[in-house]
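# Chain and residue survey
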Amino acid sequence: MIKLMVVDDERWIREGLKQTIDWGSYGIQFIGDAEDGCEALKLIEAHLPDIVISDIRMPSMDGMELIEELDRRGLGIKVIFISGFSDFVYAQKAVKLGAFDYILKPIEEKVLMEVIERCIGEITKKRELAIRLDELLGRVRESLPLARQKHLEMCLTHPISGSELLSKWEALRIDLNPKRLIVLTAVVHDWGERSLCKSGSSQLRYALGNLMEEVFREANISCAACLLHENEFADVALISSWEKETSIPDQEACRLAKLVIEDALEFLGIQLTIGVSGMGEGTQLIFAFREALTNSVRYLLDGTGLVYGPVSTGNEGKGKQPVMVTARMTPMPMKAEALDMAWSNRIFHAIKLKDESRLSELLDQQIELMQALVKQHSALAVRCEMNAHIGILLSKWQELCMAKGGSEPCQITHQQKLQLYRSSFATWKNAILSAFLKKDRPVSGSGQRNTIEIALRYIHDNYHRGISLNNVAETIYMNPSYFSRVFHAEVGETLSRYLIRIRVAKAKELLERTPLKIYEVAESVGYKDFRHFVKTFKESEGMTPAQFRNYGA
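These lines cover the structure that appears in this document, whether it is placed above or below.

## Some remarks on the pairing of strand β2 (residues 28-34)
Most of β2 sits out of view: five of its seven residues are buried. Where strand β1 (residues 2-7) meets β2, six bridges bridge the pair, whose relative direction is parallel. Bridged to Lys3 within β2 is Gln29. Viewed along the sheet, the connection from β1 through helix α1 (residues 11-20) into β2 turns out right-handed.

## A short note on the sheet that holds β1
Pairing is parallel in the open sheet, where five strands are placed in the order β2-β1-β3-β4-β5. Two strands bound the open sheet, and with one partner strand each, they are β2 and β5 (101-104). Each adjacent strand pair in this sheet contributes to an overall mean axis angle of 20°, direction not counted. Where β1 meets strand β3 (residues 51-55), four bridges bridge the pair, whose relative direction is parallel. Looking across to β3, one finds that Val7 is bridged to Ser54.

## Some details on the packing of aromatic side chains
Under the counting rule described, the total for this entry stands at six aromatic pairs. Here Tyr527 and Phe533 contribute two aromatic rings whose centre-to-centre distance is 5.6 Å and whose plane-to-plane angle is 50°, an arrangement assigned as tilted. Like Tyr527, the residue Phe533 is buried in the burial classification. Considering the side-chain rings of Phe537 and Phe548, the 5.8 Å spacing of their centres and the 70° angle between planes classify their relative orientation as edge-to-face. Here the residue Phe537 occupies a position in helix α21 (residues 530-541), and Phe548 occupies one in helix α22 (residues 545-551), the gap between them amounting to 11 residues. For Phe548, a relative accessible area of 3% translates into the label buried. An aromatic cluster is defined as three or more aromatic residues linked by ring pairs; in this entry it consists of Tyr527, Phe533, Phe537 and Phe548. The cationic tip of Arg503 hangs over the ring face of Tyr527; the distance from NZ or CZ to the ring centre is 5.6 Å.

## Some remarks on the pattern of salt bridges
Inspection of the entire model under this criterion finds 21 salt bridges. For Asp33, the salt bridge is made with Arg14, and the minimal N-O distance between the two is 3.0 Å. On the criterion of sequence distance, the pair formed by Asp33 in strand β2 and Arg14 in helix α1 is long-range, its members being 19 residues apart. Given a relative accessible area of 10%, Arg14 falls into the buried group. For Arg422, the salt bridge identified is with Asp235, shortest N-O distance 3.0 Å. Residue Arg422 is located in helix α14 (residues 414-422), and its partner Asp235 is located in the loop between β7 (222-227) and β8 (236-241); the two are separated by 187 residues in the primary sequence. A relative accessible area of 3% means that Arg422 is categorised as buried. In this structure Asp235 comes out as buried when scored by relative accessible area, which is 0%.

Conventions used here
- Residues numbered from 1 in each chain as written.
- Predicted model: local features only at pLDDT ≥ 70, side-chain atom pairs only at ≥ 80, totals over all residues.
- Heavy atoms only, no water.
- Buried < 20%, exposed > 50% of the residue type's maximum accessible area, 1.4 Å probe, protein only.
- Helix = DSSP H or I, 4+ residues; strand = E, 2+ residues; numbered from the N terminus.
- Pairing = 2+ DSSP bridges.
- Right-handed = clockwise from strand over helix to strand, strands pointing away.
- Axes fitted to C-alpha atoms, helices over the stretch in contact; angles between N-to-C directions.
- Phe/Tyr/Trp six-rings, centres within 6.5 Å; stacked < 30°, edge-to-face > 60°.
- Lys NZ or Arg CZ within 6 Å of the ring centre and 35° of its normal.
- Salt bridge = Lys/Arg side-chain N within 4 Å of Asp/Glu carboxyl O.

Keep in mind these values describe shape, not function.
Rendered as structure tokens:
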């Protein structure tokens, strides 16, 4: 309801307005009356009316002073003045100061209610406008992250002018310095102990993007994550802005990227590789993104779970034509046709016959050819060829499943597809065997236990080297995702938690029995980052390493 009050130094006028008009029938709540402006302000503070009917001349604080005070406080209350004929000039001045209207005494109910109804109309219109504005702002707030995401993705994949970039970033509230930018690309190789659909992987990418932003912002580095839902080569890109005049910002970016990899494994249960670009400007983001992708794909040869930073190559790249990087990059031409259609046909024939021996032999030959190719071409070019080959196999497999009419289960999961597009040379064969020959079936009990025992021995011998899930899985020739499930089933906890427990136990032993400094203890048990070691130790033991050394368990 509309709230209304009356201010007049003559009681009979106040009582007359209060008693003779049925305010409720007009949808108005009469909240009270006051004899001057000072008393009115107290009532206004307590009830905040929408309309004030006020006399002009009153003791202590008159109507003119009251409206000036309401305006100073920015309350937006509608004031209707009532005045005698002799106060007509004052009433006109009051309207100029912001009063809604004025009414001459003696007051006629019909005239008063006409003014009040106009006043209510304005208030109602203002409220409706405010509601529509709130709804519009709500929609803008909801759409802003999506618009920001789309724009950042466009910056990474298309050339953009400096003027367009500045105007868009201001409109989308992207607070980055366009003169000093480094791009990181994160590739998820193992999605952990979960069965993921497309929406599930999207949620994990969102969590990973938040984690990357958090790590960099803790180091006072402005950044913005961009999720790469349709990209075959990476899952999340991070554009970081380096305000500090650091002589080696790319090395600092690599250090923070290592923390991201450790935190992603510990808190999200996913295993990453990260590529880092050199420093560049906003208009050159397309090239920085390409450089980060190219660096990240070095996992093909050198292994996953690592950070691959920029390699200094003099003036390489200057004067070259822009290379468009889209969600599906066009494969680069190869001199040797390691993954041509003939190979695809031979491999798919082995898959159709479920000839594991022949398929394994063909894949070994392919891997040898690809390892030779990567010495002549970039790892990204070879990855393009591998992904094109995977696309052909998946398409043929889908046709085969449709021809069989669903007579046997042949669905390849979204998670398996992701692994096919993200596997290294060391895991590519197992990824194909697992996806197309259903190699992920549990093995016999004794064989499974023997495999885990081998893995445990490897872990205990190498925990201090900073090993990861992929390192262990590759050692025992097992698909990382499948190994993760088997390990949890046999040991009763995840590999990441098991590694933390071993490392913390060894750290406690070193803290008690050796004079090693705490950062030396961290390095001795496999933690390259001292801050991460202290954080992990405290979460496990409830105290820092220094407190443990001083006070014991």
